[in-house]
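Coordinate inspection notes
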Amino acid sequence: MSAEIFAKVKQVIEEIESAIPQDVDQLEKFRIRFLGSKNIIKPMMGEIRNIANEQKREFGQLVNSAKQIAEQKFQNLKSAVESAAESAKAQDIDLTAPAEPLALGARHPISITMNRIVDIFSRIGFTVAEEREIEDDWYNFTAMNTPENHPARDMQDTYYLKGSAETLLRTHTSSVQARVMTTQQPPIRIIAPGRVYRNETVSARSHCQFHQIEGLYVDENVSFADLKQTLLYFAKEMYGPETKIRLRPSFFPFTEPSAEMDVYMGTADEKSYRLTKGTGWLEVLGCGMVDPQVLTNCGIDAEKYTGFAFGIGIERSAMQFYDISDIRLLFENDVRFLDQFKSAL
Ligand code: DAH
């Protein structure tokens, strides 16, 4: 009698050991049969009363081991079946499906234009100098030879910081000239791109913030011919190899002599006609020989060194290149506007 019952348990153990559930369903059947609330091992424990006393202990251990084997096997199979299900799912991925589109940003037309100009001057040895937008009156005006009563200093044009007569938002990148010349000795060859501010009424043609690129070259024997050659090189790189320029005498407090450079656009197409007000000439920059007084103000020996400087307005060029009719569009950050420059470098 005992031997028969023992054999029954051993048979169940064999069954457990040889079972190979292949999927989640088969594994669940395994669990119900050997570990569920009505499993086939449980009633076997009841058979212990039919076992001879001296074998009861051995029998109990055997039934318990059946339970443990089933439990152990279930745990192992469970992780195997689950990871198989995972990898089956992974195989469902369609490797030929097109990738999720990557949203590409766009550069601002002002940045594109500034980068182009910086690039042109870097090729002939100018390095970039960047300086603060909140500036001391001295660097923006006094050092740059702009007298106390000069109209450019008028509260109408300049944004002073609240409660200060000394601290302002720079009105031009020429302040960078003073910053560089007070900290470096010649040879100096820099370009300074940046944002400037003036208290002007905002309209389609003018804004209270805009961008300039300042250029400064100070060394021994720098002449007006060097300035002209440099600007001609710039104009040809920027507007095409056939470009013609003209220099008109002008006035700036920090240069002597001073000039303004125009680029010839012609009047053939309507856009050029409109842009040049019918003259064919587009004003691009102000320039001149650095006034010796400015060199002296900044601690540079004006007997030994001469220099030239120029200031290029960015907005007008950007608007001309990209056919933008209203300057305000450049500062509104409307993505519908900015999206249009996605393909530009
Ligand atoms: N700072 C001048 C302006 O904002 C532009 C300018 C003119 C810069 C002549 C220069 C220069 O460096 O030489 O209108």
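Refer to the structure printed above.
The following paragraphs examine the structure supplied in this document. (Residues numbered from 1 in each chain as written. Predicted model: local features only at pLDDT ≥ 70, side-chain atom pairs only at ≥ 80, totals over all residues. Heavy atoms only, no water.)

1. Here we look at the site of the ligand
Around the ligand, a shell composed of 15 residues is seen, among which His172, Ser174, Arg198, Gln212 and Glu214 lie nearest. Between an oxygen atom of the ligand and a side-chain N or O atom of glutamine 177, the distance comes to 3.1 Å. A distance of 3.3 Å separates an oxygen atom of the ligand from a polar atom in the backbone of phenylalanine 310. In isolation the ligand offers 360 Å² of accessible surface; the protein chains occlude 89% of this area. Of all the secondary-structure elements, those providing two or more residues to the shell around the ligand are helix 7 (174-181), strand 5 (209-219), strand 8 (281-290) and strand 9 (306-313). Residues of the shell around the ligand, tallied by class, amount to 5 nonpolar, 8 polar and 2 charged. (Near = heavy atom within 4 Å. Polar contact = N/O pair within 3.5 Å; in protein donor to acceptor, adjacent residues only side chain to side chain. Areas by Shrake-Rupley, 256 points an atom, 1.4 Å probe, with all protein chains shown as cover. Helix = DSSP H or I, 4+ residues; strand = E, 2+ residues; numbered from the N terminus. Nonpolar A, V, L, I, M, F, W, Y, C, P; charged D, E, K, R; others polar.)

2. Some words on helix 2 (residues 24-35)
In a regular helix each residue adds 1.5 Å, so 12 residues correspond to 16 Å; helix 2 covers 15 Å between its end C-alpha atoms and thus fits that length. Among the residues of helix 2, Leu27, Phe30 and Phe34 are the ones counted as buried. Taken around the axis of helix 2, the buried residues stretch over an arc of 55°, which confines them to a single face. In helix 2, the exposed residues that point more than 90 degrees away from the buried face are Val24, Asp25 and Lys29. Contacts from the buried residues of helix 2 go to helix 1 (2-18) and helix 4 (53-90). Between the side-chain oxygen of the N-cap and the backbone nitrogen of aspartate 25 there are 3.2 Å, and the N-cap of helix 2 in question is aspartate 23. (Expected span 1.5 Å × (residues − 1). Buried < 20%, exposed > 50% of the residue type's maximum accessible area, 1.4 Å probe, protein only. Arc of directions from axis to C-beta. Contact = heavy atoms within 4.5 Å.)

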